[in-house]
Amino acid sequence: MPEINRRSFIGGGIALSGLGLLAACGRSGASSGGLVKPTDAIVDAVEKERAGTGKVRKFTLRAAETEFDLGGRTVRTWGYGDELPGKELRLTAGDTLEATLENRLPEESSVHWHGLAMRNDMDGVPHVTQDPVQAGKDFTYRFIVDTPGTHWFHPHTGTQIDRGLYAPIIVDDPREPLSYDEEWTVMLDDWLDGVDGTPDDVLKDVRGGMDHGAHGMGGGGPMRMGAMLMGATSDLLGGDAGDVFYPMHLINGRPAADPRTYSAKPGTRVRIRLVNAGGDTAYRVALGGHRMTVTHTDGYPVEHREVDAVLLGMGERYDVLVTLDDGVFPLVALAEGKDETALAVVRTGSGRAPGEKVRPDELDGEVVHSTELTADPSVRLEKRKPEVRHEVELTGGMAAYDWAINGRRFDHAKPTEGAFTVEQGQRVRVVFTNSTGMWHPMHLHGHTFQVGSTGPRKDTLIVLPGETAEVDFDADNPGRWLVHCHNIYHGEAGMMGLVAYTS
């Protein structure tokens with residue numbers, strides 16, 4: 001069995017930039033349009049170079065209509081089984097994941113493995129990396145999982161992610177350097193399905209523009225116009241905080257009125273794995289009475305930093321360490337700019353549980369943004385001049401709901417049009433320029449990038465309005481990979497593009 005270490009994970013495939021890669025490319029023949037296809041031999045060749053344990057972990061994901069109890073209110077929705085979030089998948093880095101999606105939904109679906117640098121034909125993007133999994137059919141995803149950390153999975157079909165179709169996937173590092181007593185995975189979500197229409201209804205409504213009658217939400221806060229939310233603002237997000245009104249905000253499937261409780265002994269050192277599975281909401285998260293030490297973002301270690309709160313855009317993850325005091329404490333996720341909260345309770349002793357409207361002082365303390373973090377030296381990209389540079393301008397606006405990249409709305413029927421091309425082995429620089437009036441959490445499939453020269457390694461990055469962010473990644477995972485806004489409604493409206501390897 002090969003020796004497993006973190007650098008062997010993050011360097012997987014780059015060795016193929018030499019003769020082995022050229023041989024694989026030659027065997028595959030010319031791809032349509034000169035682009036590598038997900039089924040080309042080079043994709044399989046890179047997979048075989050990944051450091052693997054030889055252990056296969058098998059899972060079944062049954063996607064079906066179901067009911068969930070959201071704090072005393074039963075909603076009809078879609079989910080993976082009868083839990084919200086779906087059941088956590090757990091592996092060790094180097095294991096082979098074999099997960100069969102049983103699609104029992106009334107429409108086609110897929111599974112995208114967010115944060116994992118898997119082989120291209122397993123990425124779960126219909127019409128880009130695979131055919132959609134039709135209703136009543138099954139599809140088995142099989143690939144080596146070589147990226148330790150906190151990740152998650154969800155569909156990449158329409159607005160399905162804004163239902164109950166999501167769950168965490170935790171990949172253990174066999175040489176875990178952190179010391180802690182317990183773990184707690186916390187998934188944050190904004191919820192409307194079965195309470196205020198469906199996500200498809202919302203997409204149709206927001207695409208209709210700003211011609212709805214407005215009505216307030218009370219207290220002089222944001223105004224609702226149909227499914228749209230007006231006046232939700234945040235300095236941390238550079239202004240406009242969100243498009244969509246959500247009647248509920250959840251932590252691990254429960255609203256603030258009926259929170260989940262995490263019980264432990266005083267003095268317990270807990271690794272909290274935070275995941276934002278929301279559709280249109282950033283969350284500012286704090287644990288009352290405690291400071292937290294940030295150790296990872298998007299699965300990759302950073303230089304440790306003690307803060308009061310963290311800010312997560314949709315798709316982002318943070319790992320934090322907290323040593324619990326004696327008592328009862330609120331873990332609060334503030335829906336940034338929307339004046340609503342999600343809540344869980346941490347209990348290590350006696351005392352009354354906090355009320356659902358609690359706002360701990362830590363929410364207004366030192367709040368960290370991912371770009372303020374520094375990558376741990378063990379995962380920093382080696383210094384190297386980029387061979388290719390791509391300008392990715394985020395365009396569009398809320399009035400016409402014409403979100404796009406470089407003024408081009410993504411066409412699912414012609415996904416390679418306007419693709420950003422790269423070659424195997426290149427260092428690639430991507431320059432995100434946000435020309436819109438709203439923030440966007442930009443997610444790159446199949447890779448992680450480094451923010452600036454020493455910033456964190458990430459796959460999802462908040463780009464604020466009017467700002468530019470430069471990120472670098474190594475082109476070591478051939479295929480066709482989406483780059484898109486993880487606001488589900490912005491993405492579906494057209495703010496998607498494709499990073500495509502040339503053959």
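Structure shown above.
Residues numbered from 1 in each chain as written. Predicted model: local features only at pLDDT ≥ 70, side-chain atom pairs only at ≥ 80, totals over all residues. Heavy atoms only, no water.

Peer 1: Teacher, can you tell me more about the overall build of the protein chain here?
Peer 2: Secondary structure summary: the protein chain contains five helices and 37 strands in total. The C-alpha atoms of the protein chain give a radius of gyration of 22 Å, which matches the 23 Å a tight globule of 503 residues would have. Each principal axis of the C-alpha atoms in the protein chain carries an extent, and together these give about 65 × 55 × 45 Å. Looking at the protein chain residue by residue over its 503 residues, the buried ones come to 61%. A separation threshold of at least 6 residues defines the contact pool for the protein chain, and within that pool the share at least 24 residues apart is 75%. As displayed, the protein chain offers around 18,200 Å² of accessible surface, 45% of which is attributable to carbon and sulfur atoms. (Helix = DSSP H or I, 4+ residues; strand = E, 2+ residues; numbered from the N terminus. Rg over C-alpha atoms; globule rule 2.2 N^0.38 Å. Buried < 20%, exposed > 50% of the residue type's maximum accessible area, 1.4 Å probe, protein only. Contact = heavy atoms within 4.5 Å. Areas by Shrake-Rupley, 256 points an atom, 1.4 Å probe, with all protein chains shown as cover.)

Peer 1: Looking at this structure, how should I read the nonpolar core?
Peer 2: As a rule of thumb, soluble globular proteins bury nonpolar side chains together. Ranked by internal contacts, the top residues of the largest apolar core, which has 104 residues, are L97 and W113. A total of five residues in this core trace back to one element, the largest contributor, which is strand β1 (residues 56-70). Residues within four places of W113 in sequence aside, it is in contact with L61, L89, L97, A99, M118, M122, D123, Y141, F143, W152, F153 and I169. (Core = buried A, V, L, I, M, F, W, Y, C linked by side-chain atoms within 4.5 Å.)

Peer 1: When you look at the packing of aromatic side chains in this model, what are you seeing that I'm missing?
Peer 2: The description of an aromatic ring pair rests on the distance of the ring centres and on the angle between the ring planes. As enumerated under the stated definition, the model contains seven aromatic pairs in all. Geometrically, the ring pair formed by W113 and Y141 is edge-to-face, given 5.7 Å between the ring centres and 75° between the ring planes. Of this pair, W113 sits in strand β5 (residues 112-114) while Y141 sits in strand β6 (residues 138-144), placing them 28 residues apart in sequence. Accessibility assignment for this pair places W113 and Y141 in one class, buried. Relative to Y141, the ring of F139 lies with its centre 4.7 Å away and its plane at 70°, an arrangement referred to as edge-to-face. By relative accessible area, which is 25% here, F139 ends up partly exposed. Taken together, Y80, W113, F139, Y141, F143 and F153 form an aromatic cluster joined through their ring pairs. Note that R163 overlies the ring of W78, its terminal NZ or CZ placed 3.9 Å from the centroid. (Phe/Tyr/Trp six-rings, centres within 6.5 Å; stacked < 30°, edge-to-face > 60°. Lys NZ or Arg CZ within 6 Å of the ring centre and 35° of its normal.)

Peer 1: Explain the sheet that holds strand β21 (residues 300-307) here, please?
Peer 2: Strands belonging to one sheet form pairs held by backbone hydrogen bonds; the direction of such a pair is parallel or antiparallel. Overall, mixed pairing links the seven strands, which are arranged β16-β15-β9-β18-β23-β20-β21 in an open sheet. Each of the sheet's edge strands pairs with one partner strand only, and the pair in question is β16 (254-255) and β21. In this structure, strand β20 (residues 292-297) lies alongside strand β23 (residues 317-323), joined through four bridges in antiparallel fashion. Looking at the pairing, T297 lines up with Y318 of β23. (Pairing = 2+ DSSP bridges.)

Peer 1: What is the right way to read the sheet that holds strand β26 (residues 367-368) from this model?
Peer 2: Spatially, six strands are ordered β17-β25-β24-β19-β22-β26 in an open sheet, and the strand pairing comes out mixed. The two strands at the open ends of the sheet, each matched to only one other strand, are β17 (261-263) and β26. Two elements, strand β24 (residues 328-335) and strand β25 (residues 340-347), share eight bridges in a ladder whose sense is antiparallel. Opposite P330, over in β25, you have V345 as the bridge partner.

Peer 1: Can you help me understand the pairing of strand β7 (residues 149-154) in this one?
Peer 2: Strand residues, when the strand is regular, have side chains that alternate between the two faces of the sheet. Counting buried positions along β7 yields six of six residues, so the element is predominantly enclosed. Judged from the three bridges that link them, β5 and β7 form a sheet pairing that is antiparallel. Each bridged residue has a counterpart across the sheet, and for W113 the counterpart in β7 is F153. Here β7 runs beside strand β8 (residues 167-172); their pairing, made up of five bridges, is antiparallel. Across the sheet, G149 pairs through a bridge with V171, a residue of β8.

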